[in-house]
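Here is what each chain is made of, one letter per residue.
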Amino acid sequence: MSSYKKFTLGEQLTGEQQLFFNEHGFIHFKNFIKPETVDSIIKASQQVQQQWLNAGTTKVNGVPIKYGKDLDGSDIVQRFAFINQHHDLFSGLADDPRFGILLEMVGQGARLGTREKDGMVFNHYVNSSQSAFTKMGWHTDGLRDIFHGSRLNPMLNVGIHLNSLKAEHGGLRVLPGTHRQSLYQMLFRKRYFLDNEADKHEVAIIPEAGDLTIHDGRLWHRVAQSTVIGEESRRRVIYIPIIAGKFEPKHADSPTVFYQKFAGLVK
Ligand SMILES: O=C(O)CCC(=O)C(=O)O
Ligand SMILES: [Fe+2]
């Protein structure tokens, strides 16, 4: 599987879409949001960034905020957590009724993780020597639950992509089918966050701005570094988890959990 089929999200998931997701552990929907919405979202993220720079915010609900430098040397936020709690545009985005269709993929008790885990995350990658965020090593998102000592609850990660990219700009790479693996493979297939080499079975997710993707919390994936440097390498993407199981909201005094310290390994 080197390229893959892209879908359009309708009133409900089709049988074909469900089969694709069950088999491969990811799915890609074109044009979830309009170009104008993408522009407003980027502007809103810059407003939150300015607030956090002014306030010197280091953590939100215990989750570390990742800072770095833009191409012009200015300070930027490269990974926001719980951004939905800091701007109406992002809380409004989480209220989009179409997420209801996606919740059915998890079933009973499914909800958007707007108050749990890292909330709505906003990643901003740019490739330059000064950037603090250019790639992310192989991992599954569900490992967090194992660190939490809880059973692996169903978890999907919904991505809203804000740039139109080609393969040379890096971006999300997934190992299809690895969501149907043993716990052993989930733990040890690769070295979490340290391994970042291309895998011969990986698939490059090639989005256009406004597309939505979903990947299973057990699926191995990484973010490849752009092969080009500068403006062309800029990549913004929002993630929001769909979760089930016990409701575990975070709050201002929530502790920083062990896996979040891994974030420091990522450049
Ligand atoms: O930026 C991406 O596309 C993926 C980020 C990711 O895998 C994560 O934050 O867990
Ligand atoms: Fe991830």
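Residues numbered from 1 in each chain as written. Chains lettered and ligands numbered in written order. Predicted model: local features only at pLDDT ≥ 70, side-chain atom pairs only at ≥ 80, totals over all residues. Heavy atoms only, no water.

(A) Fine view of unusual backbone geometry. Residues other than glycine seldom take positive phi values, yet Asn 31 does so here, at roughly 50 degrees. Here Asn 31 is to be found in the loop between strand E1 (26-29) and helix H2 (35-55). (Helix = DSSP H or I, 4+ residues; strand = E, 2+ residues; numbered from the N terminus.)

(B) Region of the structure containing the pairing of E1. Burial along E1 is two-sided: the face carrying Phe 26 and His 28 and the face carrying Ile 27 and Phe 29 are both buried. Bridge count between E1 and strand E12 (residues 212-216): four bridges; the pairing is antiparallel. If you follow Ile 27 over to E12, its bridge partner there is Ile 214. (Buried < 20%, exposed > 50% of the residue type's maximum accessible area, 1.4 Å probe, protein only. Pairing = 2+ DSSP bridges.)

(C) Up close: the coordination of the iron ion (ligand 2). Surrounding the iron ion (ligand 2) are the protein donor atoms His 139 (NE2), Asp 141 (OD) and His 221 (NE2), at 2.1 Å. In the primary structure, the donors to the iron ion (ligand 2) are separated according to the pattern H-x1-D-x79-H. Taken as a pair, His 139 in strand E8 (residues 136-139) and His 221 in strand E13 (residues 221-224) lie far apart in primary sequence, 82 residues in all. Comparing His 139 with His 221, the two get one shared label, buried. (Donors = N, O, S within 2.8 Å, 3.2 Å for Na, K, Ca; no water.)

(D) Quick peek at the pairing of E12. Counted residue by residue, E12 has five buried out of five residues, so it is predominantly covered. One ladder, built from five bridges, connects strand E9 (residues 155-161) with E12; its direction is antiparallel. Looking at E12, one finds that Leu 156 is bridged to Asp 216.

(E) The environment of Phe 20, seen in detail. Within the secondary structure layout, Phe 20 lies in helix H1 (residues 15-24). The sequence separation of Phe 20 and Lys 5 amounts to 15 residues, and the corresponding C-alpha distance is 8.9 Å. Those residues in contact with Phe 20 that lie beyond four places of it in its chain are Met 1, Tyr 4, Lys 5, Phe 7, Gly 25, Phe 26 and Ile 27. (Contact = heavy atoms within 4.5 Å.)

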